There are 4 protein chains.
Amino acid sequence: MNDKPHEECGVFGILINKKTDVSRSIYYGLNALQHRGQESAGMAVCDTHGEKGNINAYKGMGLVSEVFHEDILKSLPGNIGIGHVRYSTSGSSSIENAQPFFLKYLKGTIALVHNGNIRNAAGIRNELEQEGYAFQGSSDSEAVAARIIKERLKTDSIEEAVTRVAAELKGGYAIIVMSPKKLVGIRDPLGLKPMCLGKLENGYVLASESAALNAVGAKFVRDIEPGEVVTVTERSITGEQSLIRERKAHCIFEYIYFARLDSSIDGIDVYDARIRGGQSLARRYPVDADIVTGVPESGITAAAGFSRESGIPFRIVFYKNSYIGRTFIKPSQEEREEAVAQKLSILRSVVNGKRIVLIDDSIVRGTTIRKLIEMLKNAGAKEVHVRISSPPFKYPCYYGTDIPSGKQLIADNYTKDELREMIGADSLEYMEIEDLSDMVGDLQICRACFDGDYAD
Amino acid sequence: MNDKPHEECGVFGILINKKTDVSRSIYYGLNALQHRGQESAGMAVCDTHGEKGNINAYKGMGLVSEVFHEDILKSLPGNIGIGHVRYSTSGSSSIENAQPFFLKYLKGTIALVHNGNIRNAAGIRNELEQEGYAFQGSSDSEAVAARIIKERLKTDSIEEAVTRVAAELKGGYAIIVMSPKKLVGIRDPLGLKPMCLGKLENGYVLASESAALNAVGAKFVRDIEPGEVVTVTERSITGEQSLIRERKAHCIFEYIYFARLDSSIDGIDVYDARIRGGQSLARRYPVDADIVTGVPESGITAAAGFSRESGIPFRIVFYKNSYIGRTFIKPSQEEREEAVAQKLSILRSVVNGKRIVLIDDSIVRGTTIRKLIEMLKNAGAKEVHVRISSPPFKYPCYYGTDIPSGKQLIADNYTKDELREMIGADSLEYMEIEDLSDMVGDLQICRACFDGDYAD
Amino acid sequence: MNDKPHEECGVFGILINKKTDVSRSIYYGLNALQHRGQESAGMAVCDTHGEKGNINAYKGMGLVSEVFHEDILKSLPGNIGIGHVRYSTSGSSSIENAQPFFLKYLKGTIALVHNGNIRNAAGIRNELEQEGYAFQGSSDSEAVAARIIKERLKTDSIEEAVTRVAAELKGGYAIIVMSPKKLVGIRDPLGLKPMCLGKLENGYVLASESAALNAVGAKFVRDIEPGEVVTVTERSITGEQSLIRERKAHCIFEYIYFARLDSSIDGIDVYDARIRGGQSLARRYPVDADIVTGVPESGITAAAGFSRESGIPFRIVFYKNSYIGRTFIKPSQEEREEAVAQKLSILRSVVNGKRIVLIDDSIVRGTTIRKLIEMLKNAGAKEVHVRISSPPFKYPCYYGTDIPSGKQLIADNYTKDELREMIGADSLEYMEIEDLSDMVGDLQICRACFDGDYAD
Amino acid sequence: MNDKPHEECGVFGILINKKTDVSRSIYYGLNALQHRGQESAGMAVCDTHGEKGNINAYKGMGLVSEVFHEDILKSLPGNIGIGHVRYSTSGSSSIENAQPFFLKYLKGTIALVHNGNIRNAAGIRNELEQEGYAFQGSSDSEAVAARIIKERLKTDSIEEAVTRVAAELKGGYAIIVMSPKKLVGIRDPLGLKPMCLGKLENGYVLASESAALNAVGAKFVRDIEPGEVVTVTERSITGEQSLIRERKAHCIFEYIYFARLDSSIDGIDVYDARIRGGQSLARRYPVDADIVTGVPESGITAAAGFSRESGIPFRIVFYKNSYIGRTFIKPSQEEREEAVAQKLSILRSVVNGKRIVLIDDSIVRGTTIRKLIEMLKNAGAKEVHVRISSPPFKYPCYYGTDIPSGKQLIADNYTKDELREMIGADSLEYMEIEDLSDMVGDLQICRACFDGDYAD
């Protein structure tokens, strides 16, 4: 069940205007963003009332709950902080590329967290290298951090430096820079990557998704405007808007798959979008069947939408063994797809003799869905009709999403009919590109992975 | 979400009639039974063609996937074996009480796994102690193992010894005894604890639930008869039936909560029973509402049944963060119920302005459901009507189920109306005892925890 | 450097006559006995003022400092306790055989620790098995514990039971049995295994070696008499002497190699015995040389003795890298002896151009000494004369010492002259059996491993 | 026994002119240098025949054998590499400051290891920061690495860049820079820090001490000249000598305490120097006594020298328990010095009734020696005369040695006579500054920690 596109990161920032340690809140916030990246986790904190520049940081490989323990949280005092969860896209999978980045420079110290992909990062990096700069890791984010520091020496404030550097950046990004007194958040002008603002009784929160606000008891205020530079201090919150453009290109995959079901992004509830996606599919590609179901968990909501539109009852047909974790020993010598059967099993009495609509949000290698269809048929299903709640991937993503490419993509190598036969389905249909607006209305979206039309 | 009654154990046995190592199959079988006990896991294996008595065993504290690693499985060769997962009831929580028990005696070696509670274990233990016998741990199972060994010296076969000892046992139990050549399974005459038989191409499997058969590719053959002693050797499978009685008392909680949704026990599919439970509730205590939902995961299936009967649409309203594991740091200084909010969050758009039926399978301390109702109301729910798919617990279980007692039980300390008010529900109803037959038809059940009518 | 005979265990017991936890003292005591066994460590403690029988125990594989941590010591309250370090001889290397053994029986609970080998353990075990008794592990000690419990049912006190059972035991042993109120220590009538008594301000200590008394601040009182059963309670210390015999057979290897240099056993200081051994060698097999040295650490003291007698100056010539621990990665693809060079290196300027006497306490496989001689010659040594401060092993030990046997023993397979040539020495001599009395005077010793004359 | 001055680091480099992986050799080399730093360990390796710049690195906190495992060594292929062990002086104790430093820049990648202290590092760092450069950690070494990279952009080779930067550095240092094809080693012009060159059949080795050459089977070629820049490639080894000055100032503490007994530094064997130190002490401050002994291990060799000169016999009087490692639980609530008694115990029969000369190499807090003298007296020593084989510390070290300062130094706060009384000695004498030449002849040494005469 690992053949899915991957979001690469989640970012979180918090400043509380009193003597309160925020490390525990960052922990809960990052935990709520864990679905955006499971490779590494980290945080940096500081006391705004303390000695200048005394930022403490900790990061490690693994889940938030693996990296941080009670005593580590206690060793990270301070009322301002940022955090990060990472799934690697650019930059290799190692602790050198884990975030926050943490740099000491002439005027003090900054820490930085970043979600996204800077298309011109190589250029920025090279320019700095020409001047003699060197880097520890290979990520875009380190180059951006170095660039901001360089700009900071010529400007009066960190937010001014961030704004100037942002004007040069191309791509999709949500970045939070932390100085010992301030948080500066920025979102790319196209709005490819999400970030929102929340309010606590005595402070503010910045986060990739609204679900992370809830996790720390913050109230959702608004999405950060694409291109906006938000600066949070103990006394104020200000927004610099010079980079805001009319043209937007919000990543449609946040709605299809990445974001948490309980998040709301750029004015649209993720849950509602998925329900509408399923409804759209039911209208476009109806099917005569007895029950509708979804591949857990990614297909469940669209399946509920398909059910509502079609009137075909929704049923849960897969039981998921929740005890299968990272250390689970996979069946050996057999095919990869056999592992699916240890994690998911069939509720036989629901399936037997039924014509089934099976919804998933995407097909990458096709191994999982082939196995599930086989299991359904073995359990007595008469027909299995597959409906995918997104169009087929055809183009790489340059904005920080790990879309499997070329040879890995079954949709790229076979016709829809060949594919239908390979997975053993009785019918197979994808959402049409023109129907994506059924999910998100008139929101300007990036759908380059489907049609190759890149926004910049 | 830990305030639930607890099953205490799962047992698994396998014999393959060729040179095949079964340790990996036991691993998958135990993994499929993990919901029955997460405290310790263990297995014992032997080669039926090898030197007599050369049983190897390994056990440890924690989940199956934590205790066993690839190299440990490889160090456990042999084509016959048993396994166990444990949640402690009698006997304290320590490695001494982990199973399989493994004993060397005059005629060889046996290993034993046990699910259940022997009501007269103290007497059996005392009788052995009078003769000078000593024990390492405090569990019932160790006393039974010692008793079987003593009997074995006077009989011709291990199955005869097991049968004789079983004739003396009172309570609920499912036991598998393994000698270097045989598996002997026994289920208590009342059928309180489940055990079933499965067939592989070259062998047989015994397991607490049918779901564990599927996990190793075995076909379900039949439930073991209550009171039956089944002996599996390389050449034959035989059943000794002298202890079978007409009176049965199957534990109703297997259907309500313990067993996996995809298991079938004593002829009844667990999933179907839960759906019928929800339907029964809807008939008995209908409510005028907009949507029906269940507390994940335990209330989801009954909620679907309630929806089918009432016609009120079923909606998923809670998002569950699946990354919260054992090492997750709980919110401190706040009430326990706040932890719920880190694990479950609300899909606001589904809930807002709605009258909601909320189904769960039981209420123990009531803290979780109180918090969930508060979250629903905060998210805009107009009304929350709670329906519980089992009657209130009133009596302790003497058969090996960890039913919270007296002071922990909110139902024992308050009237239904006081309780309704405490949890903040607009109405609260429990399944009636007489409606339990709606779930399981004319199956003879033990419902002593509800009505105090103990079967022996 | 692992080719040495091995002692198998160390035992320790303590009772303090006030409300003081002894777990930490047991920790220090076991640590002082660590050289006697590094495979597993364990302790059992109890509060003599507490509820009857409430003994807590903890044991694990590895060194004392690996098995026990601060929080584990804190979880083991009580003013009476016993401890054990183990190197396995009989019984396989697994946690089932780790000690203390801890058994619940009719009259309460006992714990037991044991150093040595019971020659008739199989018979005792079989007798118990005939009566239906079963065992978890394969060690002698478990059989003795079960036998004591059986006897306890027929007697008035634990010390009486121990005395009766001891009358039946053959072999070498030092055992401490702990009931919730008493420590009972016994040493085999031949005195093969050591045990001594120490006094604290408010209590008593029993230990395999006097060095362990020092480690807990106890004053040495006396050696336990071979055959004596010592009972320590809060109020008294008593000795039962009925098993004491005139014939003794103290293990000479305690003086040659096993015991700590700072221990005193049966009236003889270990250090002094080793010095005298070296002196004896120098008298019997003098050599014309420039310096004397010893293989660290086992040959250093005898080398000092050789130097004193011969007048040839003692020099340290090997530097030992103390950072090489268990996890050190051994040189691969090369011979085992190459590993020696990572641990020991030569002080070139001391060795160059010199005729050297090299002392070690024994030769088993000969690989280490061959490598050291090669290193000495490469560093410029003109001659290397080897003197071994014990006679060659010729016979197995039946009393609990792991003397390498037959094929492993280089002395058994080659003449002294062949061996001298194989290791590259210019001369090679062993201590003569008749000179052993130079080490220990008129102490009655067991030297069966050298001459095959077994004491029972 | 931790109250000693501390060396801060050991460096190691190797290049083999064929397809051989050097990671294992670096492991053995670092292990042989472990005494120079136990806080962190790391290595970086590269294949000179591979793609340009593909350096792999791994570092971690702890001992070499804790940081590196078989699979990690295997994941580090290549025939050129450097390694480092660290004890922190400047720069805090965290993984950010562990070495090698590893930086990607315009022309490729370099890795760097460093032993020592750059007196003008802050200036170098500030200059780089003025240009916008930022740093991850706080160590001197990172600043030097960045400075070398900057210079590299203006020069034709890495060795030229190193030479230019070295011309600006003040202080004591031994640095190895590794590019994907070359090793460049440099030693400070005063020779404060040691480094030597060794030859393998197909390659070369650079190391802090000659003992590390032996560990990998390399032959000692020569010490690197103070100020020399040595460049090792597959084809050649060249030395750039422009920075060589006449004035030298070799750190005397390498001979007194830091270096391994089996190393030879700048033409002088460490063992011989220590023997001569003890002889010098015996001449300057003779004493009428029965035996001479040393505090293990640091005082043993000087004690042997004292014995040779005075004719008073050398005796080992302390037994050291070698099983006390890092995780050993220290005695609590008692004074720190009590811990000494768990590690060292007295050979009573050697000490009783004797007048003893006790040698150690230095006194810092004095707690250890006070405890040892108390133990000796308790064991019956009639007199204890302390002789210290170095002068008292009076001044801080600016060259990278962690000399305890001011208040920690007992010698700084009390007169010699007060100190003698405090530690309970019958007499106390230190080596005289003018006698240091007895140890090292006419070698130009730095003795600033004794007399405040700093070399630069």
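Everything below is about the structure printed above this text.
The notes below deal with the structure included here. (Residues numbered from 1 in each chain as written. Chains lettered and ligands numbered in written order. Predicted model: local features only at pLDDT ≥ 70, side-chain atom pairs only at ≥ 80, totals over all residues. Heavy atoms only, no water.)

### Things to note about the overall build of chain A
As a reminder of what qualifies: A run of H or I in DSSP becomes a helix once it reaches four residues, and a run of E becomes a strand once it reaches two; helices and strands are each numbered from the N terminus. Our radius of gyration is a C-alpha quantity, and the globule rule it is checked against amounts to 2.2 Å times the number of residues to the power 0.38. Here, two residues are considered to be in contact whenever any of their heavy atoms come within 4.5 Å of each other. Surface accessibility in these figures is a Shrake-Rupley result with a 1.4 Å probe; residues are shielded only by whichever protein chains are displayed. In this tally Asp and Glu are treated as negative and Lys and Arg as positive; neither His nor the chain ends contributes. Just so you know, the charge point we use is NZ for Lys, CZ for Arg, CG for Asp and CD for Glu.
Tallying secondary structure elements over chain A gives 17 helices and 23 strands in all. Here chain A has a C-alpha radius of gyration of 23 Å; the compact-globule value for 456 residues is 23 Å, and the two agree. Dimensions of chain A, computed from C-alpha atoms along their principal axes, come out at roughly 70 × 45 × 45 Å. Within chain A, contacts between residues separated by at least 24 positions form 70% of all contacts whose residues are at least 6 apart in sequence. Put simply, chain A shows about 16,100 Å² of open surface, and 45% of that area lies on carbon and sulfur atoms. Separation of charge centres in chain A, based on 56 positive and 62 negative side chains, amounts to 3 Å.

### Quick notes on the interface of chain C and chain D
Rule in force here: By buried area we mean how much accessible surface two parts lose on assembly, using a 1.4 Å probe and totalling the loss over both. The working definition used for a salt bridge is a side-chain nitrogen of Lys or Arg within 4 Å of a carboxyl oxygen of Asp or Glu. Here a polar contact is taken to be a pair of N or O atoms separated by no more than 3.5 Å, where protein atoms must pair a possible hydrogen donor with a possible acceptor and residues adjacent in sequence count only if both atoms sit in side chains.
Counting residues at the interface gives 41 residues for chain C, matched by 41 residues for chain D. Carbon and sulfur atoms make up 55% of the area that chain C and chain D hide from each other, which totals about 3,600 Å². Three residues, Tyr319, Tyr323 and Ile329 of chain C, lead the burial of chain C against chain D; their summed loss comes to 19% of the area buried on that side. Between the two partners, chain C and chain D, sit zero salt bridges. Inspection of the region where chain C meets chain D yields 14 residue pairs in polar contact (both at pLDDT 80 or more).

### Observations concerning the environment of Gly10 of chain A
Residues and elements named next belong to chain A. Filter applied, for reference: Think of it in three bands: residues with accessible area under 20% of the maximum for their type are buried, residues over 50% are exposed, and the middle band is partly exposed, with areas taken using a 1.4 Å probe on protein chains only.
In this structure, Gly10 sits in strand 1 (residues 9–16). With relative accessibility at 0%, the residue Gly10 sits in the buried group. Once the C-alpha coordinates of Gly10 and Leu103 are considered, the two residues, 93 residues apart in sequence, prove to be 20 Å apart. Residues within four places of Gly10 in sequence aside, it is in contact with Leu33, Arg36, Gly83, His84, Val85 and Ser208.

### Description of helix 13 (residues 367–378) of chain D
Under the convention used in this document: The span you would expect from a helix comes to 1.5 Å times its residue count less one.
Taking 1.5 Å of rise per residue, the twelve residues of helix 13 of chain D would be expected to cover 16 Å, and the 17 Å separating its terminal C-alpha atoms lies within 8% of that figure. Listed in full, the buried residues belonging to helix 13 of chain D are Thr367, Thr368, Ile369, Lys371, Leu372, Ile373, Met375 and Leu376 of chain D.

### Re unusual backbone geometry
The amide bond that connects Gln99 of chain C to the next residue, Pro100 of chain C, takes the cis arrangement and shows omega of 5°. Looking at the element boundaries, Pro100 of chain C is found in the loop between strand 4 (80–86) and strand 5 (101–105). Of note, the amide linkage connecting Pro296 of chain C to Glu297 of chain C takes the cis form, showing an omega dihedral of -15°. Looking at the element boundaries, Glu297 of chain C is found in the loop between strand 17 (291–294) and helix 10 (300–310). Residues other than glycine seldom take positive phi values, yet Asp266 of chain B does so here, at roughly 50°.

### Details of the pattern of salt bridges
Across all of its chains, the model carries 108 salt bridges over all chains by this definition. With its nearest N and O atoms 2.7 Å apart, the salt bridge here joins Lys19 of chain A to Asp47 of chain A. Linking Lys19 of chain A in the loop between strand 1 and helix 1 (23–32) with Asp47 of chain A in the loop between strand 2 (40–46) and strand 3 (56–61), this pair joins segments that are 28 residues apart in sequence. Residue Asp47 of chain A is classed as partly exposed on the basis of its relative accessible area of 22%. The salt bridge involving Glu70 of chain D is made with Arg24 of chain D; its shortest N-O contact spans 2.2 Å. Pair noted here: Glu70 of chain D is in helix 3 (residues 70–74) and Arg24 of chain D is in helix 1 (residues 23–32), with a separation of 46 residues, a long-range link.

### Structural notes on helix 9 (residues 270–284) of chain B
Residues and elements named next belong to chain B. With 15 residues, helix 9 should reach 21 Å at 1.5 Å per residue; the first-to-last C-alpha distance of 21 Å fits that figure. Counting buried residues in helix 9 gives eleven out of 15 residues, a clear majority hidden from the surface. Buried residues of helix 9: Val270, Tyr271, Ala273, Arg274, Ile275, Gly277, Gly278, Gln279, Ser280, Leu281 and Ala282, and no others.

### Quick word on the relation of the copies chain C and chain D
We apply this condition: A least-squares fit on C-alpha atoms brings the copies together, and the residues used are those whose pLDDT is at least 70 in both copies.
By a simple turn and slide, chain C fits onto chain D: the slide is 0.0 Å along the axis, the RMSD is 0.1 Å, and the turn is 180°. Taken together, the rotation and translation describe the operation of a two-fold axis. A shared interface surface links the copies, since 100% of the contact residues of chain C are contact residues in chain D too.

### Examining the relation of the copies chain A and chain B
Least-squares fitting of chain A to chain B yields an RMSD of 0.1 Å, with the transformation described by 0.0 Å of translation along the axis and a rotation of 180°. A high fraction, 100%, of the interface residues of chain A reappear at the interface in chain B, so the copies pair face to face through one surface.

### Things to note about the side chain of Ser179 of chain C
Positionally, Ser179 of chain C belongs in the loop between strand 7 (171–178) and strand 8 (183–187). Apart from the residues within four sequence positions on either side, Ser179 of chain C is in contact with Ile80, Thr109 and Ile158 of chain C.

### Comments concerning the sheet that holds strand 20 (residues 355–360) of chain C
Residue and element names in this part refer to chain C. Worth spelling out the cut-off: One requirement defines pairing of two strands: DSSP has to find at least two bridges between them. To define axes, lines are fitted to C-alpha atoms, for helices over the stretch in contact only, and angles between the resulting N-to-C directions are given on a 0 to 180 degree scale.
Read across the open sheet, the four strands follow the order 17-20-21-22; overall the sheet is parallel. What marks the edges here is a single partner per strand, and that holds for strand 17 and strand 22 (427–430). On average, each strand axis in the sheet is tilted by 20° relative to the strand beside it, whichever way the strands run. Pairing of strand 20 with strand 21 (residues 383–388) involves six bridges; the strand directions are parallel. Residue pairing in the sheet places Leu358 in a bridge with Val386 of strand 21.

### Considering the packing of aromatic side chains
Residue and element names in this part refer to chain B. Applied cut-off: Two rings from Phe, Tyr or Trp (for Trp, the six-membered ring) form a pair when their centres are within 6.5 Å of each other. A pair whose planes differ by under 30 degrees is stacked, one over 60 is edge-to-face, and the rest are tilted.
Counted under the stated rule, the structure contains 42 aromatic pairs over all chains. Pairing Phe393 with Phe450 gives two aromatic rings, centres 6.1 Å apart and planes at 15°, and the pair type is stacked. Taken as a pair, Phe393 in the loop between strand 21 (383–388) and helix 14 (410–413) and Phe450 in helix 17 (residues 448–451) lie far apart in primary sequence, 57 residues in all. Across the pair, Phe450 and Phe393 agree in class, each one buried.

### With respect to the interface of chain A and chain B
Here is the rule we go by: Note on residue categories: nonpolar means Ala, Val, Leu, Ile, Met, Phe, Trp, Tyr, Cys or Pro, charged means Asp, Glu, Lys or Arg, and polar means any other residue, Gly included.
Taken together, the contact pairs 41 residues of chain A with 41 residues of chain B. Summing both partners gives a buried area of about 3,700 Å² for chain A against chain B, and 55% of it is carried by carbon and sulfur. For the chain A face of the interface with chain B, the top three residues by lost area are Tyr319, Tyr323 and Ile329 of chain A, together amounting to 19%. Inspection of the chain A/chain B interface yields 13 residue pairs in polar contact (both at pLDDT 80 or more). Residue contributions to the side of chain A that touches chain B peak at five residues, all from helix 1 of chain A. Tallied by class, residues from the side of chain A that touches chain B come to 20 nonpolar, twelve polar and nine charged.

### A few points about the sheet that holds strand 17 (residues 291–294) of chain A
Residues and elements named next belong to chain A. On the basis of which strands lie adjacent, the open sheet formed by four strands has the order 17-20-21-22 and parallel pairing. A strand with exactly one partner marks an edge of an open sheet, and here the two such strands are strand 17 and strand 22 (427–430). Between one strand axis and the next, the sheet turns by 20° as a mean value, whatever way the strands run. Pairing of strand 17 with strand 20 (residues 355–360), which is carried by four bridges, proceeds in the parallel orientation. Bridged to Gly294 within strand 20 is Ile359. Along the sheet, helix 15 (residues 416–423) contacts strand 21 (383–388) and strand 22; its crossing angle with strand 22, the most-contacted strand, is approximately 130°.

### A closer look at the environment of Ser65 of chain A
Turning to its location among the elements, Ser65 of chain A is positioned in helix 2 (residues 64–67). The exposure class assigned to Ser65 of chain A is buried, which follows from its relative accessible area of 4%. In this structure the C-alpha to C-alpha distance between Ser65 of chain A and Ala41 of chain A, which are 24 residues apart in sequence, comes to 9.1 Å. Sequence-distant contacts of Ser65 of chain A, defined by excluding residues within four places in its chain, comprise Tyr27 of chain A together with Tyr323, Thr327 and Phe328 of chain B.

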